[in-house]
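So the chains spell out like this:
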Amino acid sequence: ELPKDISWHFIGPIQTNKINKMIGIFSVIHSVASCRVAQLLSEKSMAHGVVQKVLLQVNITQEITKQGFSIQELLCNIKDLTALTGIQIIGLMTMGPLSGDKEEIRLCFQKLKKLQNAMAMIYLIILSQKMLNLLKIYLILFMNSNVSSN
């Protein structure tokens, strides 16, 4: 018998018609390979009242046989992806090259690590902008309430 506190991870291609059945069952979904899948996961998660942890899949090697965001596509869409409230992006994942060349494999995962570091910086900038916008709104409300009370 399996332990009650077992943590299940989903690894593999996501069929959009199966998303509803995935929510809340898996601790982490590892292979979010497109904005469409991320959006559907977010919508279904919110409908179930949960926030689903995910890893975004990046096609670092740009192989046509592999799924995932291109680096450019991910960078262009990160603001929209981080705004999805039904998912929590906890990192990136990739499928390394099918190669016996250890250096090629190492470079692939090294590139993914650099991309993840860059994404973390972008995310901090996005959060900072949101915080500045909230601060501006607060200051406007504060100033308006002081003007009307005088």
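Structure first, text after, so check above.
My aim in this report is to walk through the structure given alongside it, one point at a time. Every chain's residues receive numbers from 1 upward, in the order its sequence appears when written. Where local features are concerned, this predicted model is filtered to residues with pLDDT of at least 70; where side-chain atom pairs are given and counted, the filter is 80 or more; whole-chain, interface and lining totals use all residues. Remark: hydrogens and water are excluded; side-chain values derive from all non-hydrogen atoms of the structure.

## Description of the environment of Leu139
Now for step 1: Here a helix means four or more residues in a row that DSSP labels H or I, a strand means two or more in a row labelled E, and each is numbered from the N terminus. Structurally, Leu139 is set in helix α4 (residues 102-149).
Now for step 2: Here the term buried applies to any residue with accessible area under 20% of the maximum for its type, exposed to any over 50%, and partly exposed to those in between, with areas from a 1.4 Å probe on protein chains only. Using a relative accessible area of 42% as the deciding quantity, one classes Leu139 as partly exposed.
Now for step 3: For the pair Leu139 and Gln67, spaced 72 residues apart in sequence, the C-alpha to C-alpha distance is 46 Å.

## Overview of the sheet that holds strand β1 (residues 9-10)
Now for step 1: In space, the 4 strands of this open sheet follow the order β1-β2-β3-β4, with parallel pairing throughout. Edge positions in the sheet fall to β1 and β4 (87-93), since each of these pairs with one other strand and no more.
Now for step 2: In this fold helix α2 (residues 35-48) packs onto β2 (28-32), β3 (52-57) and β4, with an angle of close to 155° to the strand it touches most, β2. Being paired, for any two strands, means DSSP has found at least two bridges between them. Should any heavy atoms of two residues lie within 4.5 Å, those residues are counted as being in contact. Axis lines are fitted through C-alpha atoms, for helices just across the contact stretch, and the angle between N-to-C directions can take any value from 0 to 180 degrees.

## Here we look at the pattern of salt bridges
Now for step 1: Salt bridges are identified by distance alone: a Lys or Arg side-chain nitrogen within 4 Å of an Asp or Glu carboxyl oxygen. A full pass over the atoms with the stated rule returns 3 salt bridges.
Now for step 2: When the shortest N-O distance is used, the salt bridge between Glu103 and Arg106 registers 2.5 Å. Of this pair, Glu103 and Arg106 both sit in helix α4, 3 residues apart, which is roughly one turn of that helix.

## Digging into the packing of aromatic side chains
Now for step 1: By convention, a stacked pair of Phe, Tyr or Trp rings (six-membered ring in the case of Trp) has centres within 6.5 Å and planes under 30 degrees apart, an edge-to-face pair has planes over 60 apart, and any other such pair is tilted. Tallying each qualifying case throughout the model produces 1 aromatic pair.
Now for step 2: Look at Phe10 and Phe26: their rings are 5.4 Å apart centre to centre, the planes differ by 65°, and that puts the pair in the edge-to-face class. One end of the pair, Phe10, is in strand β1; the other, Phe26, is in the loop between α1 (19-22) and β2, with 16 residues separating them in the sequence.

## Remarks on α2
Now for step 1: Across its 14 residues, α2 extends 20 Å between first and last C-alpha, which sits within 8% of the 20 Å expected from 1.5 Å per residue.
Now for step 2: Every buried residue of α2 is accounted for by Val37, Ala38, Leu41, Ser42 and Ser45. In a view along the axis of α2, the buried residues occupy a sector of 135°, so they form one face of it. Exposed residues on α2 whose side chains face more than 90 degrees from its buried face are Arg36 and Ala47.
Now for step 3: Of the surrounding elements, those touching the buried residues of α2 are α1, β2, β3, α3 (71-82) and β4.
Now for step 4: Phi turns positive one or two residues past the end of α2, at Gly49, with a value near 75°. Take the number of residues in a helix, subtract one, and multiply by 1.5 Å to get its expected span. Throughout, the arc means that of the directions going from the helix axis to the C-beta atoms.

Taken by themselves, the reported measurements are silent on function.
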